[in-house]
Amino acid sequence: MEPVVALVVAAGSGSRLGGDIPKALRELDGRPLVSHSLEGLAAGGVDVAVIVIAPGLDDDFAAVVAGSPIPARCVQGGAERQDSVLNGLAAIAADPDLAGARYVLVHDAARALVPGEVVRRVIAALADGAVAAIPVLPVVDTIREVTATGSATVDRSRLRAVQTPQGFARDVLERAHRLVADEGLQVTDDAAAVEALGYPVALVPGDREALKVTEPLDLLFAEAIVRSHA
Ligand code: CTP
Ligand code: MG
C-alpha cells in the first residue's frame, strides 16, 4: 500500500498563546506540542510526516525530527495557514519517496493530543472511498448569530465543530489549494478548500482531547489530560 503522509502545519507564531517561542515548540509534559502530534499520527497509522515550519527554524526543529516515531522532514511554510499547506503539498509532490502517496492527512501541530483512534477513523473513511474525511464534534454551547437588527439563536443540533487531521485524496487537495490560491479565497481549513472545488466532505467522530492549543487556558487543559493518562 502507498504510504499515508501527514502534512503537519507548524509554521504559525502562536500569537494568542503568547510566549517567546513558536507555539509548535512550546512544551507540554517536557516535550514540544509538535512531538506529541507526531506520536498521535504515528499511533493512528500515518507512515511519514512532512512538518511545515516558519523560515529559519530548521535547527530548532532538528530534535523534533530526530525524535519522531515516523520518518519526518521539515519544509518552509508561508504567511497564512493555507500558504503553508500549499508549500507542504509542493514538497510532497517533489519528493520521489512520497510522490506515489494517494492520501494526505493535514494536521494542526497545535492539536497535540489527538488520539490515534481519531487518525485511524479518518484513514478508514478514505480507504472506504471518501475524497475528504474530517473529525467533528457536536457543539456544546448555545450559539447566537449577531444580525443587523439584533441577534438570534442558531439551531446547534445542526452544527459541528471541526478538528484535524483532515484526510484527502492527495490529487483533490492539490487542485483545491491551487483553486484557493488562484482565486484569492480565504479558508480556515482544508475541507473548505475541497468544498470550494465541489467535493463532498465525510464526517467521522472527533475527540475532545484533540483540542487545539490556542490560548493559555488550552495548555492547562492539555496538561491535565496528559496527567490523566499517566
Ligand atoms: N499555521 C501554519 N502557517 C501559518 C499559520 C498557521 O502552519 N502561516 C499552523 C499553526 O502552526 C497551527 C495551525 O496552523 O499548528 C493552526 O493555526 P493556529 O492555531 O491559528 O496557530 P497560530 O497561527 O500559530 O496561532 P495564532 O493564530 O494565535 O497566531
Ligand atoms: Mg493562526
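Look above for the structure.
The structure displayed is predicted, hence computed values, not measured ones.

### Here we look at the site of ligand 1
What surrounds ligand 1 is a group of 18 residues, the closest being Val9, Gly14, Ser15, Ser84 and Lys212. Take glutamate 80: an N or O atom from its main chain is 3.4 Å from a nitrogen atom of ligand 1. In the environment of ligand 1, an oxygen atom lies 3.3 Å from a nitrogen or oxygen atom belonging to the backbone of alanine 109. When isolated, ligand 1 has an accessible area of 560 Å², and the protein chains bury 87% of it. Breaking the shell around ligand 1 down by element, the ones donating at least two residues are β1 (5-10) and α3 (81-94). For the shell around ligand 1, the per-class residue count stands at six nonpolar, six polar and six charged.

### What about helix α7 (residues 216-229)?
Side chains that are three or four residues apart share a direction in an α-helix, a result of its 3.6 residues per turn. The terminal C-alpha atoms of α7 lie 21 Å apart, and with 14 residues this matches the ideal 20 Å at 1.5 Å per residue to within 8%. Looking only at α7, the buried set comprises Asp218, Leu219, Ala222, Ile225 and Val226. Here the buried residues of α7 occupy an arc of 115 degrees about the axis, which is enough to place them on one side. Turned more than 90 degrees away from the buried face of α7 sit Leu220, Arg227 and Ser228, all of them exposed. In this structure, the buried side of α7 is in contact with β2 (27-28) and α1 (33-43).

### Comments concerning the side chain of threonine 164
In this fold, threonine 164 is placed in the loop between β10 (160-162) and β11 (166-169). Within polar-contact distance, the side chain of threonine 164 engages the side chain of histidine 107 at 2.8 Å. When neighbours within four sequence positions are excluded, threonine 164 is seen to be in contact with Arg81, Val106, His107, Asp108, Arg111, Val114 and Pro135.

### A few points about unusual backbone geometry
Of note, the bond from threonine 164 into proline 165 is cis; its omega dihedral lies within 30 degrees of zero at 10 degrees. Relative to the assigned elements, proline 165 resides in the loop between β10 and β11. Even without glycine at this site, aspartate 29 takes up a positive phi of about 55 degrees. Along the chain, aspartate 29 falls in the loop between β2 and β3 (31-32).

### Brief notes about a nonpolar patch on the surface
A contiguous nonpolar patch, built from Leu217, Leu220 and Phe221 and spanning about 310 Å² of accessible area, is present on the exposed surface. Here leucine 220 shows up in helix α7.

### Observations regarding the pairing of strand β4 (residues 48-53)
Buried residues dominate β4, accounting for six of its six residues. The alternating pattern of β4 places Val48, Val50 and Val52 on one face and Ala49, Ile51 and Ile53 on the opposite face, and all of these are buried. In terms of strand pairing, β4 meets strand β5 (residues 72-76) through five bridges, oriented parallel. Bridge assignment links alanine 49 to a residue of β5, and that residue is alanine 72.

### Comments concerning the environment of arginine 102
Looking at the element boundaries, arginine 102 is found in the loop between α3 and β6 (103-108). Accessibility expressed as a relative area gives 46% for arginine 102, which makes it partly exposed. Arginine 102 sits 116 residues away from aspartate 218 along the chain, and the two C-alpha atoms are 34 Å apart. The contact partners of arginine 102, leaving out residues within four places of it in the chain, are Glu2, Pro3, Phe168, Ala169 and Arg170.

Conventions adopted
- Residues numbered from 1 in each chain as written.
- Chains lettered and ligands numbered in written order.
- Predicted model: local features only at pLDDT ≥ 70, side-chain atom pairs only at ≥ 80, totals over all residues.
- Heavy atoms only, no water.
- Near = heavy atom within 4 Å.
- Polar contact = N/O pair within 3.5 Å; in protein donor to acceptor, adjacent residues only side chain to side chain.
- Areas by Shrake-Rupley, 256 points an atom, 1.4 Å probe, with all protein chains shown as cover.
- Helix = DSSP H or I, 4+ residues; strand = E, 2+ residues; numbered from the N terminus.
- Nonpolar A, V, L, I, M, F, W, Y, C, P; charged D, E, K, R; others polar.
- Expected span 1.5 Å × (residues − 1).
- Buried < 20%, exposed > 50% of the residue type's maximum accessible area, 1.4 Å probe, protein only.
- Arc of directions from axis to C-beta.
- Contact = heavy atoms within 4.5 Å.
- Patch = residues over 30% accessible without salt bridge, like charges linked within 9 Å, V, L, I, M, F, W, Y side chains within 5 Å.
- Salt bridge = Lys/Arg side-chain N within 4 Å of Asp/Glu carboxyl O.
- Pairing = 2+ DSSP bridges.

By themselves, these figures tell us nothing about what the structure is for.
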